[in-house]
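# Structure assessment
Single-letter residue listing:
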Amino acid sequence: MSIFSRAIVPALMAAIYLGAPPAARAQAANVGQDQPSEETWNSIKGDIFKNRPILDGSGLVVLDAPRRAEDSAIVPIGMRVNFAGDDTRSLKSLTLVIDENPAPVAGTFTIGPRSGVTSISTRVRVNSYSYVRLVAELSDGQLYGVKAFVKASGGCSAPASSNADATRSMLGQMKFRSFRPESVALPEAQLMLRHPQNSGLQMDQLTRLYIPPFFIENLKIWQGDDLLLTMDGGIAISEDPNIRFNYRPNGAAKFRAEAIDTSQKMFRDDWLIEKSML
């Protein structure tokens with residue numbers, strides 16, 4: 001069981017115990033929260049990053065997030081590091097934190113040493129008005145952070161958008177797309193994975209019982225034999241995870257992915273790419 005699974009159980013049990021529907025609790029919690037607060041962040045950052053100092057990443061680390069989310073269960077997030085031309089450092093990891101979520105760490109993306117990955121985008125759930133933070137670890141051993149305030153409510157308790165039976169029949173199915181680069185930019189790829197990503201805060205509308213947590217804990221993507229990236233995820237990654245990233249081509253003709261969910265079931269697939277993308 002990952003750190004994400006162990007961390008969310010107490011939070012989920014507390015939320016269920018409170019009696020009021022999670023969406024109502026989230027809305028109530030938003031009263032007076034138009035002004036961002038650092039209180040939650042100050043109480044959790046030491047545990048998440050083992051009390052390591054986090055330097056101001058402005059100008060180096062970029063977090064793209066909407067000021068107000070159209071759908072709190074599917075909030076688009078873009079993460080990237082902009083290295084100057086003479087900067088010899090590389091990206092080691094990106095950690096996405098949503099302060100006010102029941103499990104604040106949405107995911108940690110560990111970058112393969114030869115992958116060239118500097119940009120990742122995905123979709124997340126935001127449960128109440130919250131700072132969303134991105135902390136990048138670089139090869140110099142330093143952490144660099146930025147933040148954005150997102151107005152959203154009830155994302156972790158929102159019901160699934162797809163039929164449960166249909167989701168089970170397609171569980172673990174993957175789709176992969178590659179994109180030709182523009183000018184001198186690196187090429188990009190996108191992995192889409194069918195999975196309900198049950199948060200543990202959603203209610204079955206027939207039984208009126210909470211649906212147990214059930215989500216992708218670990219995802220790995222390779223280009224040939226080179227690991228591109230690893231995602232250690234939690235309940236905040238939206239239904240049907242969607243990961244888009246740039247990469248440095250290594251000449252391999254095949255990509256492959258492996259994902260493990262909280263039931264410890266593994267899903268695998270691989271894809272050949274066009275010669276023009278090599």
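Look up: the structure comes first, before these words.
Everything numeric here is computed off the predicted structure, so don't read it as measured data.

## Regarding the overall build of the protein chain
Of the regular secondary structure elements, the protein chain holds four helices and 15 strands. By the burial criterion, 49% of the 278 residues in the protein chain qualify as buried. In the protein chain, 68% of the contacts between residues at least 6 apart in sequence involve partners at least 24 apart. Accessible surface computed for the protein chain: about 13,600 Å², of which carbon and sulfur atoms make up 52%.

## Focus: helix 3 (residues 39-49)
Turning to helix 3, its buried residues are Trp 41, Ile 44, Gly 46 and Phe 49. Where helix 3 is buried, its residues meet strand 1 (54-56), strand 4 (91-98), strand 7 (130-138) and strand 8 (143-150). Once helix 3 finishes, Lys 50 follows within two positions and takes phi at roughly 55°, a positive value.

## Thoughts on the environment of Val 62
The topology assignment puts Val 62 in strand 2 (residues 61-64). The spacing of Val 62 and Ala 136 is 74 residues in sequence and 9.7 Å in space, taken between C-alpha atoms. Residues within four places of Val 62 in sequence aside, it is in contact with Gly 78, Met 79, Arg 80, Asn 82 and Leu 134.

## Brief notes about the sheet that holds strand 12 (residues 226-233)
The sheet built from nine strands is open, its strands ordered 1-8-7-4-5-12-11-14-15 with mixed pairing. In this open sheet, the two strands that pair with only one neighbour each are strand 1 and strand 15 (266-272). Adjacent strand axes in the sheet meet at a mean angle of 20° when their direction is disregarded. Lying on the sheet, helix 3 is in contact with strand 1, strand 4, strand 5 (105-111), strand 7 and strand 8; it crosses strand 4 at an angle near 145°.

## Topic: the nonpolar core
One broad rule of soluble globular proteins: the nonpolar side chains tend to lie buried together. Grouped together as the largest cluster of nonpolar side chains are 50 residues, with contacts concentrated most on Leu 63, Met 79, Leu 94, Ile 120 and Phe 245. Setting aside chain neighbours within four positions, we find Met 79 in contact with Val 62, Leu 63, Leu 94, Leu 96, Phe 109, Thr 118, Ser 119, Ile 120, Thr 122 and Leu 134. Counting residues in hydrophobic clusters, the runner-up holds six residues, among them Ile 44, Phe 49, Val 97 and Leu 143.

## Notes on unusual backbone geometry
One non-glycine residue, Lys 50, lies in the positive phi region at around 55°. Counting through the fold element by element, Lys 50 comes out in the loop between helix 3 and strand 1. For Lys 50, a relative accessible area of 70% corresponds to the exposed category. Non-glycine residue Asp 240 carries a positive phi angle of around 55°. Tracing the backbone shows Asp 240 in the loop between strand 12 and strand 13 (242-246).

## Structural notes on the packing of aromatic side chains
Under the definition given, this model contains seven aromatic pairs. A centroid spacing of 5.0 Å and a plane angle of 20° characterise the contact between Phe 176 and Trp 271, whose relative ring orientation is stacked. With Phe 176 in strand 9 (residues 174-179) and Trp 271 in strand 15, this pair connects stretches of sequence that are 95 residues apart. Per residue, the accessibility class of Phe 176 equals that of Trp 271, and both read buried.

What counts as what
- Residues numbered from 1 in each chain as written.
- Predicted model: local features only at pLDDT ≥ 70, side-chain atom pairs only at ≥ 80, totals over all residues.
- Heavy atoms only, no water.
- Helix = DSSP H or I, 4+ residues; strand = E, 2+ residues; numbered from the N terminus.
- Buried < 20%, exposed > 50% of the residue type's maximum accessible area, 1.4 Å probe, protein only.
- Contact = heavy atoms within 4.5 Å.
- Areas by Shrake-Rupley, 256 points an atom, 1.4 Å probe, with all protein chains shown as cover.
- Pairing = 2+ DSSP bridges.
- Axes fitted to C-alpha atoms, helices over the stretch in contact; angles between N-to-C directions.
- Core = buried A, V, L, I, M, F, W, Y, C linked by side-chain atoms within 4.5 Å.
- Phe/Tyr/Trp six-rings, centres within 6.5 Å; stacked < 30°, edge-to-face > 60°.

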